[in-house]
Amino acid sequence: MSFQQQSAYGCHKTVLPQRSHSALLFMQRDGEVCRELTYEFSQDRFIAPNITVLSEHITDGGVTDSAYQVGKHSRLWLVKSDGTMVSATYEKTQEVIAWNKHVFASSDAGEAATVISAASLKDDEEALLFLAVKRDINGTVKTFIEVMASSVEAGSDANKIICSDASKTTVAGSATTSHSGFSHLANEDVIVLGDGSPYAVTVSGAGVITTPTNVTTVVAGKQYTSTLETMPLIPPTGRKEFRGKHNRPFRVASNVYRPAGGSIGTTETVHPIEYSSTGLRTEIIEANIPGNSERQAIVKITNNSVHPMTILSLITEMDGGDV
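These lines cover the structure that appears in this document, whether it is placed above or below. (Residues numbered from 1 in each chain as written. Predicted model: local features only at pLDDT ≥ 70, side-chain atom pairs only at ≥ 80, totals over all residues. Heavy atoms only, no water.)

**Things to note about the sheet that holds strand β5 (residues 63–69)**
Logical step 1: Ordered in space as β5-β6-β7-β8, the four strands form an open sheet in which the pairing is antiparallel. Lying at the two open borders of the sheet, with one neighbouring strand each, are β5 and β8 (96–102). Strand after strand, the sheet turns through a mean of 20 degrees between neighbouring axes, direction not considered.
Logical step 2: Bridge count between β5 and strand β6 (residues 75–80): six bridges; the pairing is antiparallel. Counterpart to Tyr 68 in the pairing with β6 is Leu 76. (Pairing = 2+ DSSP bridges. Helix = DSSP H or I, 4+ residues; strand = E, 2+ residues; numbered from the N terminus. Axes fitted to C-alpha atoms, helices over the stretch in contact; angles between N-to-C directions.)

So, in structure tokens, the structure goes:
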């Protein structure tokens, strides 16, 4: 039996490679480049292309741990040396590799939460991502074992979806304003979803949350902001050259799935989204973006609501090409 070297990139000494169907995902020796070891029929050999090539900044600083979560949306999770996480939604057969950055909510004192390690374990229904997270709670540093919430699927009960950090769900026997069991967030400001209604409250030193109205189900945790930024927009026209000149997106039409908040604009500033009705709905919203002019036209959408926001499509009207 003989062995033939297929690449010279090397594998990181502590970050384990992760198996994804017929491919092997591994961190290069430097810890900043993720590669995909896969068989190439046309060359009759294994190749290892760089799958971070379109997001080279995403792993700056190096990676210390990895996990692969198999499910409806398979994801590669990487723990960075600064305690943040990045993930790649990875579907080889569909040629989908989409990178995301995950920064966990800080404490009231401003101390950032840091991820130590990650592991994916499968229960009877789905693969769950377990994290060891170090947090500063009321001046005391503690390490928690946390589980990443499941993905939001169409038809999910939005009043029970978890969109907060270090969160916990409790269900009382009957509607009440006092809800115990939140000692892990003692004396911290949290965002609460109580029977579908959002509240901002402070957890007592004994770990009790007091809601302004009687509710049965409470989901409470630290508030965070989700941010989406498009690639620089270049209109598909041969009449005018837009690249390198001032461009101004002035109106955005976005098809959104059951949101309850959020803001939209550019990298300069964002403006609260005005919905046509209250409650959760799926609709096309139109938002004006006043007073902006950049060399690159980038649309930015943020959401710090306790409800999720899913962007189904995005159409932008813009002026551009002026020197």
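**Here we look at the packing of aromatic side chains**
Logical step 1: In total, this model carries two aromatic pairs according to the counting rule given.
Logical step 2: Pairing Tyr 39 with Phe 41 gives two aromatic rings, centres 4.9 Å apart and planes at 85 degrees, and the pair type is edge-to-face.
Logical step 3: Look at Tyr 39 and you get partly exposed, because its relative accessible area is 30%.
Logical step 4: Judged by its relative accessible area of 72%, Phe 41 falls in the exposed class. (Phe/Tyr/Trp six-rings, centres within 6.5 Å; stacked < 30°, edge-to-face > 60°. Buried < 20%, exposed > 50% of the residue type's maximum accessible area, 1.4 Å probe, protein only.)

**Comments concerning the environment of Ala 112**
Logical step 1: Among the secondary structure elements, Ala 112 is positioned in the loop between β8 and β9 (114–122).
Logical step 2: Residues Ala 112 and Asp 136 lie 24 residues apart in sequence; the distance between their C-alpha atoms is 7.7 Å.
Logical step 3: Those residues in contact with Ala 112 that sit more than four places away from it in its chain are Ser 106 and Lys 134. (Contact = heavy atoms within 4.5 Å.)

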